[in-house]
Amino acid sequence: RCRSSTRRRRLRALGITVTEKVGNTGVVGILRNGPGPTVMVRADMDALPIKEDTGVPYASRAVMADLAGKLQPVMHACAHDAHIAGFIGTARTLVALKARWSGTVVFVAQPAEEIGGGALAMLNDGLFTRFPVPDYALALHVWGSIPAGVIGFAEGPSYANVDSVDLVVRGYGGHGSRPHLTKDPVVLAAEIVTALQTIVSRELEPGTPAVVTVGSIHGGTKHNIIPDDVKLQLTLRSYDDAVADHLIRSIRRISENLARAAGVTEDRLPVVTLAEQRTPSVFNDPSLTRRLTGNFRRWFGENGVVPEKPTTGGEDFARYGRTNHKVPLYIWWVGGQDPAKIEANRRTGAPLPWNHSAQFAPVPEPTIKAAVTSMSAAVLDLLAKN
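Residues numbered from 1 in each chain as written. Predicted model: local features only at pLDDT ≥ 70, side-chain atom pairs only at ≥ 80, totals over all residues. Heavy atoms only, no water.

Novice: What exactly am I supposed to notice about the packing of helix 4 (residues 185-196) against helix 6 (residues 241-261) here?
Specialist: For any two helices packed against each other, the geometry comes down to the angle between their axes and how far apart the axes lie. Where helix 4 meets helix 6, the closest approach of the two axes is 10 Å, and the angle between their N-to-C directions is 145°. Once helix 4 is placed against helix 6, the crossing between them reads as right-handed. Touching Leu188, Glu191, Ile192, Ala195 and Leu196 of helix 4 are Ile251, Ile254, Ser255, Leu258 and Ala259, all from helix 6. Classifying every residue of the contact of helix 4 with helix 6 by side-chain character gives 8 nonpolar, 1 polar and 1 charged. (Axes fitted to C-alpha atoms, helices over the stretch in contact; angles between N-to-C directions. Helix = DSSP H or I, 4+ residues; strand = E, 2+ residues; numbered from the N terminus. Left-handed = near helix turned anticlockwise from the far one by under 90°. Contact = heavy atoms within 4.5 Å. Nonpolar A, V, L, I, M, F, W, Y, C, P; charged D, E, K, R; others polar.)

Right under this line is the structure:
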């Protein structure tokens, strides 16, 4: 469970030039080895406010203050600790094999991926102005649905746009026994939740990937009190920016017009706001993906590299490819799951501990070996001496 200072020391011990506190707590290491392209290797390093329940000897017992100052148990429930272990292993491998490659490697240990802000913070702090601009940017993610040591990939879209929307449904409260004297926002909110499900099914061309999920709904204080408002929180997923914008417009249109139909006045129409800046979708550069996936097959064999469907999860690695530099990106998945658990899930439906679960514990040796091998092989391919 490495801390930032540990990463700094380990990179410096390898002769890598290290800069700390980039984008708050990010770390950047530069390894120069003669002329040639520049490759960025990014690993995310933040944890999640989850109490670990894996039972492994190295389970996290850490407690930390969250952004609101509240103490929370934390664990690497999305395997970012394995990402950093693979990151350090890749650095060691590339230093040991300097005779086989030429160019520059930019090692980026990125914070705050889980809240979608770390990549943007590092870019805003000069990642592509203070340090070499990469010709390629690479990342990997340990995945709970793939057997440990197996590589998964997707060409083109791999992670989705993520939009977080706050929706306040407003009405006129009153006594629960006399609803005719109110405009009940609870009933209106229920109608809106149901109607929002028609956006994907009736407004988008069939087959267009999109998700509209209401993850939180809160309103009222007592059995017999009709409240003045109800608050909802939504997450939206898509792969196309135009689709993402359409979802937001439709949420606003449906909410406002259902309120009008319920007799709510214009000054009390629902309020729809974006809770945070969009985390954009990740697009794996097709040419780069094919090149490096072919390399992976030479290392892992045909059965060790499997195509995967794009995930509707979010990943702010996308931002490194959305600057004016248009850096080609490739992020792949490294299997971390115990194969026996995958088989039990297939046969009996037994729960499969997956990313963001308190029981998620990647099998250490094959997972970390695959992370080091795949990333090292990718960099060596891109920086190979002629």
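This is not the end of the story, as more comes after the structure.
Novice: Explanation requested: the packing of aromatic side chains in the structure shown.
Specialist: How two aromatic rings sit relative to each other is given by the distance of their centres and the angle of their planes. Under the definition given, this model contains 10 aromatic pairs. Seen from their ring centres, Phe128 and Tyr320 are 6.4 Å apart, and the 45° between their planes marks the pair as tilted. Here the residue Phe128 occupies a position in the loop between helix 3 (118-124) and strand 7 (136-147), and Tyr320 occupies one in the loop between strand 17 (305-307) and strand 18 (329-337), the gap between them amounting to 192 residues. Taking 6.2 Å as the distance between ring centres and 75° as the angle between the ring planes, the aromatic pair formed by Trp143 and Tyr159 counts as edge-to-face. Taken together, the residues Trp143 in strand 7 and Tyr159 in strand 9 (residues 156-159) connect sequence positions 16 residues apart. (Phe/Tyr/Trp six-rings, centres within 6.5 Å; stacked < 30°, edge-to-face > 60°.)

Novice: It is not clear to me how the pattern of salt bridges should be interpreted in this structure. Could you clarify?
Specialist: For side chains bearing opposite charge, pairing can occur when the charged atoms are close. For the structure shown, the criterion picks out 17 salt bridges. Residues Glu155 and Arg290 are paired through a salt bridge, measuring 2.7 Å at the closest nitrogen-oxygen approach. Of this pair, Glu155 sits in the loop between strand 8 (151-153) and strand 9 while Arg290 sits in helix 7 (residues 286-300), placing them 135 residues apart in sequence. Residue classification places Glu155 among the partly exposed positions, given a relative accessible area of 35%. A salt bridge links Lys231 to Asp229; the shortest N-O distance between them is 3.3 Å. A relative accessible area of 45% places Lys231 in the partly exposed class. Connected via shared salt-bridge partners are Arg42, Asp44, Glu315 and Asp316. (Salt bridge = Lys/Arg side-chain N within 4 Å of Asp/Glu carboxyl O. Buried < 20%, exposed > 50% of the residue type's maximum accessible area, 1.4 Å probe, protein only.)

Novice: Quick question: what am I supposed to make of the nonpolar core here?
Specialist: Looking at soluble globular proteins, one finds that nonpolar side chains tend to be buried together. Formed by 41 residues in total, the largest nonpolar core has its most connected members in Phe87, Val105, Phe107, Leu138, Trp332 and Val379. By residue number, the principal contributor to this core is helix 9 (residues 364-382), which donates 7 residues. Among the nonpolar cores identified, the runner-up in size contains 27 residues, and Tyr159, Val282, Leu329 and Trp333 belong to it. (Core = buried A, V, L, I, M, F, W, Y, C linked by side-chain atoms within 4.5 Å.)

Novice: Help me understand the sheet that holds strand 17 in this model?
Specialist: Paired through backbone hydrogen bonds, the strands of a sheet run either parallel or antiparallel to each other. The 8 strands are arranged 1-2-6-3-7-18-8-17 in an open sheet whose pairing can be described as mixed. This sheet does not close on itself; its edge strands, each paired only once, are strand 1 (17-22) and strand 17. Going from strand to strand, the sheet's axes swing by 25° on average, the running direction of each strand aside. Seen against the sheet, helix 7 touches strand 7, strand 8, strand 17 and strand 18 and runs at an angle of roughly 35° to strand 18. Helix-sheet contacts for helix 8 (residues 339-348) involve strand 7 and strand 18, and the interaxial angle to strand 7 is about 55°. (Pairing = 2+ DSSP bridges.)

Novice: Can you help me understand the side chain of Ser374 in this one?
Specialist: Tracing the chain through its elements places Ser374 in helix 9. At 2.8 Å, the side chain of Ser374 forms a polar contact with the backbone oxygen of Ala370. With residues near it in sequence (within four places) discarded, Ser374 still touches Leu140, Ile151, Phe296, Phe300, Trp332 and Val334. (Polar contact = N/O pair within 3.5 Å; in protein donor to acceptor, adjacent residues only side chain to side chain.)

Novice: Can you walk me through the pairing of strand 18 in this structure?
Specialist: Each regular strand shows side chains that alternate between the opposite faces of the sheet. Extensive coverage of strand 18 is indicated by the burial of 9 of its 9 residues. Neither face of strand 18 is exposed, since Leu329, Ile331, Trp333, Gly335 and Gln337 on one face and Tyr330, Trp332, Val334 and Gly336 on the opposite face are all buried. Summarising the sheet, strand 7 and strand 18 pair through 8 bridges and their orientation is parallel. Residue His141 lies in a different strand from strand 18, and its bridge partner there is Trp333. When strand 8 meets strand 18, the two strands line up antiparallel, connected through 2 bridges.

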